[in-house]
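Here is what each chain is made of, one letter per residue.
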Amino acid sequence: MPRWIQAAVFVLVIAVIVFFAFGLRVRGEAQPSSGPAPDFTLKTFDGATYRLSELKGQVVVINFWASWCVPCRDEAPFLQKTWEQYKDRGVVFLGVDWVDPEPDARAYIKEFGVTYPNGPDLGTVIAPLYRIKGVPETYFVGKDGNLAGNSLGPIGDNTGYMTQAQFVQKLETLLAAK
Amino acid sequence: MRRRFLLMAFSLAMVALALLAVTPAHAQGPNLDDETNRIAKTLYCPVCPNTPLDVCSTQACAQWRALIKEMLQQGKTEEQIRAYFVQQYGDVVLGAPPAQGFNWLAYILPAIGIVLGAAIAWFTVRQWIVRRGEGAPPAQVTVPKEYADRIEKDLKEL
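1. What about unusual backbone geometry?
All names here are of chain A. Cis peptide bonds are those with omega within 30 degrees of zero, and the linkage from Val135 to Pro136 qualifies with 0°. The phi angle at Thr124 is positive, at roughly 50°, despite the residue not being glycine. Structurally, the position occupied by Thr124 is in the loop between strand E5 (118–120) and helix H4 (126–129). The exposure class of Thr124 is partly exposed, given the 18 C-beta atoms found within 10 Å.

2. A closer look at the nonpolar core
Ranked by size, the top nonpolar core spans 52 residues in total, and within it Ala66 and Trp98 of chain A together with Cys45, Leu53 and Ala60 of chain B carry the most contacts. Look past the residues within four positions of Leu53 of chain B in its chain and what remains in contact with it is Ala40, Leu43, Tyr44, Cys45, Cys61, Trp64 and Arg65 of chain B.

3. Observations concerning the domain arrangement of chain A
The domain boundaries assigned to chain A delineate domain 1 (1–30) and domain 2 (32–176). For domain 1 of chain A versus domain 2 of chain A, the distance between C-alpha centres works out to 39 Å.

4. Remarks on the sheet that holds strand E3 (residues 59–65) of chain A
Residues and elements named next belong to chain A. If you trace the 5 strands from one edge of the open sheet to the other, you get E5-E4-E3-E6-E7, paired in mixed fashion. At either margin of the open sheet sits one strand with a lone partner, and together these are E5 and strand E7 (147–151). The sheet shows a mean angle of 20° between the axes of neighbouring strands, taken without regard to direction. Looking at chain direction, E3 and strand E6 (residues 137–141) are connected through 5 bridges and run antiparallel. Each residue of the ladder has a partner; that of Asn63, found in E6, is Thr138.

Definitions and cut-offs
Residues numbered from 1 in each chain as written. Chains lettered and ligands numbered in written order. Predicted model: local features only at pLDDT ≥ 70, side-chain atom pairs only at ≥ 80, totals over all residues. Helix = DSSP H or I, 4+ residues; strand = E, 2+ residues; numbered from the N terminus. Buried ≥ 20, exposed ≤ 12 C-beta atoms within 10 Å, placed from the backbone. Core = buried A, V, L, I, M, F, W, Y, C linked by C-beta atoms within 7 Å. Contact = placed C-beta atoms within 7 Å. Domains from an automatic or database assignment. Pairing = 2+ DSSP bridges. Axes fitted to C-alpha atoms, helices over the stretch in contact; angles between N-to-C directions.

Structure follows, in structure tokens:
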């Protein structure tokens, strides 16, 4: 058999192995909880635009949600209430709506009276940055622009994830940090 | 009186038929559902990977199907609906990646594999044929001299 065919087969096999290994590695990576927060731009349902990197100096809470997600409905009133308490203290909430039809998302926002900025993850480009596995997931960004923890499930007292008290405590800690 | 009534009924029937005739096919119930399912079959919701939208039982997929139906009712074409879903949710909603950029690998690699496989098979078979054609080398038979002499003698006597 000519040497060039042997070399081509060898290169092809190696390329396929590397390709799949890389894919498995990326897919298996956990959601980030520290380091620089992946930057993104969110265009809200109201037409406003927020760029995460431009919010440096403020504490940012990024909440991934969807209207079809039942646990998101459970935590929505708490998030809205907390936003109202902290919005004048240098805390920004950003709601990122994940794979959700816009009419349903708008109905959800109206149903829960959500007033903090919310927008669709257009083209599903923000979710992969945070490697979210589902909704709800919430990420905390400190004033320095670094991630400062996350809650990979609904925020609530009996959810097995972050409790409401822990959420508030987290905001206070991040606000107190320089 | 009766004639006038018949005329009126006939006119109403004609108007009703005309209205039915101009009603677009996509606005009819069963056809609309079929069309919705046909399009849904080609789309995938990221919430439940590898499950086509038409058979996915999650609430997310139900909402997506409802959206497809609504867009069909608005007169949108299949291409417009698919383009909308790609714009909203990314290429991940498609059953196959669009043939552009890095995605080309997914289309080219199988073809390269087939060509290489065929080349390997061709060379292997050719080697077999060449070996078989050459045949086994003749065996070197050494006959002891006394037997050779005897055979020579017997042949002369014949």
